Structure formats: C-alpha cells, structure tokens
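Observations on the three-dimensional arrangement
What follows is the residue order along each chain.
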Amino acid sequence: MGFISFVLANVILWLVGKTTYQQKATKFVINGLAVILFVVVVAGSIFLKTPLSFELDGILGIAVITLVFLFTTYLYIRAFKHQMPWTIIYVVMAIDAAIGIFSRLPVIGKMITDPVIPKSKLLWIVIPGCIIAALIGGFGTYYWLSKHDNE
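Residues numbered from 1 in each chain as written. Predicted model: local features only at pLDDT ≥ 70, side-chain atom pairs only at ≥ 80, totals over all residues. Heavy atoms only, no water.

Looking at the overall build of the protein
To be explicit about the condition: In DSSP terms, a helix is any run of H or I states spanning at least four residues, a strand is any run of E spanning at least two, and both are numbered starting from the N terminus. Burial here depends on accessible area, computed with a 1.4 Å probe over protein chains only, as a share of the maximum for the residue type. Under 20% is buried, over 50% is exposed, and the range in between is partly exposed. Only heavy atoms enter the contact rule, under which two residues are in contact if any of them lie within 4.5 Å.
Along its length, the protein carries six helices and zero strands. Listed by position from the N terminus, the elements making up the protein come as α-α-α-α-α-α. Residues classed as buried in the protein amount to 13% of the 151 residues present. Summarising the internal contacts of the protein: among those between residues at least 6 apart in sequence, 58% fall at separations of at least 24.

Right, here's the structure in full:
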C-alpha cells in the first residue's frame, strides 16, 4: 500500500500540473477522481491486511532510512528545486524518517511502539486527525498557489 500511495501521490501531482490552466469543469472532474482514488487507497491501507512484509530492525533499519532520506533530500534540492507540492511530500517524508529512526532506538522505540490508547479507540482519533490534516494541507496549498499564481 505504501508503494501504491507513492505512485498515486505522483499521479495526483501530475494531474494537478496538467489541469492547472484547463476549464473548471474538466479540472473539477479530474480533481474529484484524484480525491476518490486517494480515499480508496487510504481505506485500503486501513482495512486490507496482507501477509507481505519485511522488517529492518536496529542499525540496518536506521541506515536504510537515513540513506533513503538523504536520497530524497538530494532529489528535493537538486531535481525539484524546492517547488511547493514537493515541499509537502518532503515534510511528510522527513516526519516519517524521524519516526522510523526513533522507533528503532532502544528506549525511545519502546515509548513510540507501545500504545497508550487501545487501537480500536485510537482509530477514532487518528482517522479524523488525518482528515483534518489533509484538509488543512490541501487548503493551505490552494491558498499558497492562488496567492503566488501571478508570479
């Protein structure tokens, strides 16, 4: 689901770039399809369980996370040149990298991975929180792009 989410995020950004100067009806339909695809992927990642997994614990996990993060930092700086949509993805990846590294540290990892709230109740906090964060990020990005559209 992570790989599918990554591909979907890139497709959505590509669609946004292609529909920027199109008619409102076309833009609305394409953006609506992108939102539906996003909701399907998020719902799929919550409700579908697969046996496919692998774990990189300890130093190996920290090294892989660090290498991938350094590579994405290089891409963000060199290839994408601090462009706005990529900044949002970069910030999310930085947060994910920090959580991944901290969860592999002996003392801090125990605090991060042991739930304080049962998972059944935590979903009722996390899902609305994610929706609110997505709305804030989406409207914030829309505001920033509309404000800087004339540049």
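That was the structure; now back to the text.
Brief notes about helix 3 (residues 58-79)
To be explicit about the condition: Take the number of residues in a helix, subtract one, and multiply by 1.5 Å to get its expected span. What the arc measures is the spread of directions leading from the helix axis to the C-beta atoms.
Helix length check: helix 3 (22 residues) gives 31 Å between terminal C-alpha atoms against 32 Å at 1.5 Å per residue, within 8%. Residues of helix 3 that are buried: G61, I62, I65, T72, T73 and Y76. Burial along helix 3 is one-sided: seen end-on, the buried residues are contained in an arc of 105°. Across from the buried face of helix 3, at angles greater than 90 degrees, the exposed residues are I59, L60, L67, L70, Y74 and R78. Looking one or two places after helix 3, you find K81, whose phi comes out positive at around 50°.

Let's talk about the confidence of the model for the protein
Low pLDDT marks regions whose predicted coordinates should not be analysed in detail. Quick reminder of the rule: The pLDDT value expresses, per residue, how confident the predictor is, ranging between 0 and 100.
The share of residues in the protein with pLDDT of 70 or more is 89%, and the mean pLDDT across the chain is 78. Ranking the elements of the protein by mean pLDDT puts helix 1 (residues 2-19) last with 72 and helix 3 first with 87.

Some remarks on a nonpolar patch on the surface
Counted only if it meets this: Any residue with relative accessible area above 30% and no salt bridge may belong to a patch, with like charges joined within 9 Å and the nonpolar Val, Leu, Ile, Met, Phe, Trp and Tyr side chains within 5 Å. Method for areas: the Shrake-Rupley scheme with a 1.4 Å probe, in which residue coverage is limited to the protein chains shown. For salt bridges, the criterion is a side-chain nitrogen of Lys or Arg within 4 Å of an Asp or Glu carboxyl oxygen.
Residues V91, I95, I99, F102, V107, I108, M111 and I112 make up a contiguous nonpolar surface patch of about 740 Å² in total accessible area. Elements that contribute at least two residues to the nonpolar patch include exactly helix 4 (84-103) and helix 5 (106-113). With respect to the element layout, I95 can be found in helix 4. Assessed through its relative accessible area of 48%, I95 is described here as partly exposed.

Remarks on the side chain of T72
Applicable threshold: In protein, a polar contact requires one atom able to donate a hydrogen and another able to accept it; more generally it is a pair of N or O atoms within 3.5 Å, and residues adjacent in sequence count only if both atoms are side-chain atoms.
Secondary-structure assignment places T72 in helix 3. T72 sits in the buried class, given a relative accessible area of 13%. At a separation of 2.8 Å, a polar atom in the side chain of T72 contacts the main-chain carbonyl oxygen of F69. Beyond its immediate sequence surroundings of up to four residues, T72 is in contact with Y90 and M93.

A few points about the environment of P106
Following the sequence through the fold, P106 ends up in helix 5. When the C-alpha positions of P106 and G58 are compared, they lie 8.5 Å apart, and in sequence the two are 48 residues distant.

A closer look at the environment of A98
With respect to the helices, strands and loops of the structure, A98 is situated in helix 4. Of the residues examined, A98 reaches a relative accessible area of 30% and is grouped as partly exposed. In this structure the C-alpha to C-alpha distance between A98 and I65, which are 33 residues apart in sequence, comes to 8.8 Å.

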